Amino acid sequence: MIRHIVLFTVPKHEDLDAVLDGLSILTGIPAATRLEIATNMKADRFDDGIDVVVYGEFEDEAALAAYHAHPLYQTSIERVRPLRGRRFAADYETAAAITAPRA
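Figured I'd write up the structure that's included with this text. Not measured: the values here are computed from a predicted model. (Residues numbered from 1 in each chain as written. Predicted model: local features only at pLDDT ≥ 70, side-chain atom pairs only at ≥ 80, totals over all residues. Heavy atoms only, no water.)

A look at helix α1 (residues 16-24)
Heads up, the condition is: The rule is simple: take the accessible area with a 1.4 Å probe, protein chains only, and divide by the maximum for that residue type; under 20% is buried, over 50% is exposed, in between is partly exposed. The helix and strand labels rest on DSSP assignments: H or I over at least four residues marks a helix, E over at least two residues marks a strand, and numbering proceeds from the N terminus. Directions from the helix axis toward the C-beta atoms define the arc. In what follows, a contact means two residues having at least one pair of non-hydrogen atoms within 4.5 Å.
Within the span of α1, buried status applies to Leu 16, Val 19, Leu 20, Gly 22 and Leu 23. Take α1 and look down its axis: the buried residues cluster within an arc of 160°, on one side only. On the buried face of α1, the contacting elements are β1 (2-8), β2 (34-39), β3 (52-58) and α3 (71-80).

Focus: a negative patch on the surface
Filter applied, for reference: Each patch is built from residues that are more than 30% exposed by relative accessible area and take part in no salt bridge. Like charges join if they lie within 9 Å; nonpolar side chains (Val, Leu, Ile, Met, Phe, Trp, Tyr) join within 5 Å. Computed with the Shrake-Rupley method and a 1.4 Å probe, the accessible areas treat only the protein chains shown as cover for residues. Salt bridge criterion: a side-chain nitrogen from Lys or Arg within 4 Å of a carboxyl oxygen from Asp or Glu. Residues scored as positive are Lys and Arg, those scored as negative are Asp and Glu, and His as well as the terminal groups of each chain are ignored. For the purpose of locating charges, the reference atoms are NZ of Lys, CZ of Arg, CG of Asp and CD of Glu.
A surface patch of negative charge is lined by Glu 59, Asp 60, Glu 61, Asp 91 and Glu 93. Following the sequence through the fold, Glu 93 ends up in strand β4 (residues 87-93).

Description of the side chain of Asp 51
Operational definition: Within 3.5 Å is the distance limit for a polar contact, defined as a pair of N or O atoms, with the added protein rule that one can donate a hydrogen and the other accept it, and that residues adjacent in sequence qualify only through two side-chain atoms.
As for its placement among the helices and strands, Asp 51 is situated in the loop between β2 and β3. On the basis of relative accessible area, Asp 51 is assigned to the buried category, the value being 15%. At 2.7 Å, the side chain of Asp 51 and the side chain of Lys 42 are in polar contact. Excluding anything up to four places from it in sequence, Asp 51 contacts Phe 8, Thr 9, Val 10, Ala 38, Thr 39, Asn 40 and Lys 42.

What to know about the pairing of β1
Filter applied, for reference: Only strands that DSSP links by at least two bridges are regarded as paired with each other.
Judged by which residues are buried, β1 turns out to be one-sided: Ile 2, His 4, Val 6 and Phe 8 face inward and are buried, whereas Arg 3, Ile 5 and Leu 7, on the alternate face, are not. By the bridge criterion, seven bridges tie β1 to β3 in an arrangement that is antiparallel. Bridging from a neighbouring strand, Leu 7 pairs with Val 53 of β3. Relative to β4, β1 runs antiparallel, the two sharing seven bridges. From the neighbouring strand, His 4 faces β4, where its bridge partner is Asp 91.

What to know about the pattern of salt bridges
Where charged atoms from two side chains of opposite charge come close, those side chains can pair. For the structure shown, the criterion picks out three salt bridges. The partner of Glu 57 in a salt bridge is Arg 3, and the shortest N-O contact between them spans 3.7 Å. Here Glu 57, found in strand β3, pairs with Arg 3, found in strand β1; they are 54 residues apart in sequence, far enough to count as distant. One salt bridge in this structure joins Glu 36 and Arg 34, with 2.5 Å as the shortest N-O distance. Taking the relative accessible area as the measure of exposure, Glu 36 reaches 33% and is therefore partly exposed. Judged by its relative accessible area of 42%, Arg 34 is partly exposed.

In short, shape yes, function no, at least from these values alone.
So, in structure tokens, the structure goes:
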């Protein structure tokens, strides 16, 4: 399984709902086995710069590629890109993730 995590900043607080609405379009893409869009709780006292989190789970690289190729993905980009600030994305294979202390 692949986990897909994207973090966004939203420079103008008044644009936050429009960004969330634009990202919610992504939930209509069937390629993900799980897709969540949420506002950051900003509980980390060292860094509260991230405003929005997108979290997705995909069976494999083909499913992630299908997600990126879906027309709704482009629609979401067109709505969100003019309103967002920075974007950080990471994808990783869960089978290769470290889940215990390394000795």
